[in-house]
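One-letter residues, chain by chain:
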Amino acid sequence: MAIRHFALVALVALTLGACEEDRYRGSARHYIPIPSATYTLMSEKGMSKDQPILIRSYKKESELEVWKKRGDGKYALLKTFPMCRWSGQLGPKVREGDRMSPEGFYAITPAQMNPNSSYYVSFNMGYPNAYDRSYGRTGSNLMVHGACSSAGCYSMTDDQIGEIYALVREAQNAGQKAVQMQALPFRMTPENLAKHRLDPNIAFWKNLKEGTDYFEVAKDEPAVGVNGGRYVFNGGSGGDVAVAQKRRDDDAQVAALVAKGTPAIKLVYDDGDQHPSFKSTLIASGSDSLNRSVSWASRDVGVSRPDALTIGPRVVVLDDKGKAKATIRADSADNDAVLAAVAAAAAEPAAKPEPAKPAVAEPKPVASAATQVAKVSPGAGQQAPVAASLAAAPAPAPQAAEDNRPFYQRALGFVPLIGGSSQAAAPAEDAAPVASVVPAAPTSVRAPLPPRRSDSLRTTQLDQPAAAYSSQTAIR
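Visitor: Would you mind going over helix 4 (residues 158–173) with me for this structure?
Guide: In an α-helix there are 3.6 residues to a turn, and that puts residues three or four apart on one side. Across its 16 residues, helix 4 extends 22 Å between first and last C-alpha, which sits within 8% of the 22 Å expected from 1.5 Å per residue. Burial of helix 4 is extensive: 14 of the 16 residues sit out of reach of the surface. Of the residues one or two after helix 4, Gly175 is the one with positive phi, at around 120 degrees.

This is how it looks when you write it as structure tokens:
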């Protein structure tokens, strides 16, 4: 009897071990359980696993929130997850391969759930949606997945995506046809809106804010449509008094912040960002250590572009017309770090004007060799000053109508000029001394350099996109 009992226990243990192993293989990953700690948290907040959920993501803050309905029908925040990786810049995705993570309102249906992902488990955001298609935007396989790697996706740790996936699955199993995902550039606070007020994407972001305002006031997801190249919420009625009041209050706060001197900026990332909690690990232990700790179940792809994560974005300070007037590197995208960078740029002393250069005299014509003949007294060993110009050179003595010297003496008189010899022929007793020809000394006047051609220089604008990388086409 004891042997039979032991055999039964062993069989159960093997079966449970096999189930535990299979949980992380193939489609069996679809049944990853919600962690017990999250069940406890839901109970404390008056929620259950079957109630609808809503997802919000923020690029600048590198965070993803899961909201869940309570028993009173209102959404409340369940958990905030630090994001391990997003790529590109703030702003919407436009085309395949631009590495931009989408921004907008997306719907996640059961058909978009992917338990066979190379990055543990994942779900497709549904990009391009109707809004994106109205602008002809392209791209595919834009996911929320595991691993700390992104080429246009929102990347969580494997543990995080397993939990988020399970929460979405349970809500869908209970009847939620589509989970709304609000993918945002940053939290729509007056502070962020004031700083980014002159960004080229501000009109698009204000349109997104119309939907987020409704959600934050009503604590219910807005009905999303597209009309005239804009998102339209709740049929475009715009009749909610509380939402309209929130918008007026936010606009007034933005105006007050601008009046106080809040700078208008644009953030330019080397390639996206990650939450500071992961960045500290990356800097302290390296990308291999971070990769091992966050992506234990994903295909080993490593941390994407770790070199772009160890430094903060460039902060471009804009003038009233939206043109760049200063650029400085911030320690991070955190509001305080950005403002500190702007303050440091403003505190830098203005560049000192270069001292006026003395006027350069136009180079005078160089005297010919014949006019630079130094008069040397017989037996003198030093050179007389060289004439600086034709006008200053002494006039040569008039040539005698007829030179009675023998031919060989007259010919040898030109030897220093044409042959460079230092030995002058002995003059005849009745002849005047022959002048020695001295090479012209270099003048101290330098001709001005020709102006440098500006069209030969290559410049790079800060707002040019980073080098395009092909989107990952593997199953995510």
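Following the structure, the description resumes.
Visitor: I keep staring at the sheet that holds strand 8 (residues 143–145) and nothing clicks. Help me out?
Guide: Strand pairing in a sheet relies on backbone hydrogen bonds. The paired strands run either parallel or antiparallel. What the 5 strands build is an open sheet, ordered 4-9-8-7-6; its pairing is mixed. Every other strand in the sheet has two partners, leaving strand 4 (85–86) and strand 6 (113–114) as the edge strands with one partner each.

Visitor: Is there a simple way to think about the packing of helix 8 (residues 276–285) against helix 9 (residues 287–294) in this case?
Guide: In a packed pair of helices, the relevant descriptors are the angle between the two axes and the axis-to-axis distance. Interhelical geometry of helix 8 versus helix 9 gives an angle of 135 degrees and a closest axis separation of 7 Å. On the basis of the axis angle, helix 8 is oblique to helix 9. Contacts between helix 8 and helix 9 involve Phe278, Thr281, Leu282 and Ser285 from the former and Ser287, Ser289, Leu290 and Val294 from the latter. Of the residues assigned to the contact of helix 8 with helix 9, the class counts are 4 nonpolar, 4 polar and no charged.

Visitor: Please explain the nonpolar core as it appears in this structure.
Guide: Ranked by internal contacts, the top residues of the largest apolar core, which has 65 residues, are Ile55, Leu64, Phe123, Val144, Ile164 and Val315. No other element matches the 7 residues that helix 4 contributes to this core. When near neighbours in sequence (up to four residues on either side) are disregarded, Phe123 contacts Ile55, Ile108, Gln112, Met113, Asn114, Leu142, Met143, Val144, Ile161, Ile164 and Val168.

Visitor: In this structure, what is going on with the side chain of Ser304? I would like to understand it.
Guide: Summarising the element assignment, Ser304 is placed in the loop between helix 9 and strand 14 (314–318). For Ser304, a relative accessible area of 10% translates into the label buried. Within the local environment of Ser304, its side chain forms a polar contact with the backbone nitrogen of Ser150, the two atoms lying 3.0 Å apart.

Visitor: Could you clarify how one ought to interpret the pattern of salt bridges in this entry?
Guide: Where charged atoms of side chains with opposite charge meet at close range, the side chains can pair. Under the definition given, this model contains 24 salt bridges. A salt bridge links Asp50 to Lys49, with the shortest nitrogen-to-oxygen separation between them at 3.0 Å. Owing to a relative accessible area of 40%, Asp50 belongs among the partly exposed residues under this scheme. With relative accessibility at 27%, the residue Lys49 sits in the partly exposed group. Taking the shortest distance from any N to any O, the salt bridge between Lys279 and Asp273 comes out at 2.8 Å. Of the two residues examined, Lys279 and Asp273, each falls in the buried class. Taken together, the shared-partner salt bridges connect Arg56, Lys209, Asp213, Glu216, Lys246, Arg247 and Asp250 into one network.

Thresholds applied
- The numbering scheme is per chain: residues are counted from 1 as the chain's sequence reads.
- Where totals are concerned, whole chains, interfaces and linings use all residues; where local detail is concerned, this predicted model gives features only for residues with pLDDT of at least 70, and gives and counts side-chain atom pairs only at 80 or more.
- Excluded from the side-chain calculations are hydrogens and water; all other atoms, namely the structure's heavy atoms, are used.
- The way it works is that DSSP assigns letters per residue, a run of H or I at least four long becomes a helix, a run of E at least two long becomes a strand, and they are numbered from the N terminus.
- The span one expects for a helix is its residue count, reduced by one, times 1.5 Å.
- Exposure classes here rest on a 1.4 Å probe applied to the protein chains alone. A residue is buried below 20% of its type maximum, exposed above 50%, and partly exposed in between.
- A pair of strands counts as paired when DSSP detects no fewer than two bridges linking them.
- Angular values range over 0 to 180 degrees, each being the angle between N-to-C directions of two axes fitted as lines to C-alpha atoms, with helices fitted over their stretch in contact.
- Note that the term roughly parallel is reserved for angles under 35 degrees, roughly antiparallel for angles over 145, roughly perpendicular for angles of 65 to 115, and oblique for everything else.
- Between two residues, a contact is recorded if the distance between any of their heavy atoms is within 4.5 Å.
- Any residue outside Ala, Val, Leu, Ile, Met, Phe, Trp, Tyr, Cys, Pro, Asp, Glu, Lys and Arg is labelled polar, Gly included; the first ten of those are nonpolar and the last four are charged.
- What makes a nonpolar core is a set of buried Ala, Val, Leu, Ile, Met, Phe, Trp, Tyr and Cys residues whose side-chain atoms join them at distances within 4.5 Å.
- Nitrogen and oxygen atoms within 3.5 Å of one another constitute a polar contact, given that in protein one can donate a hydrogen and the other can accept it, and given that sequence-neighbouring residues count only through two side-chain atoms.
- A pair is scored as a salt bridge if a Lys or Arg side-chain nitrogen falls within 4 Å of a carboxyl oxygen belonging to Asp or Glu.

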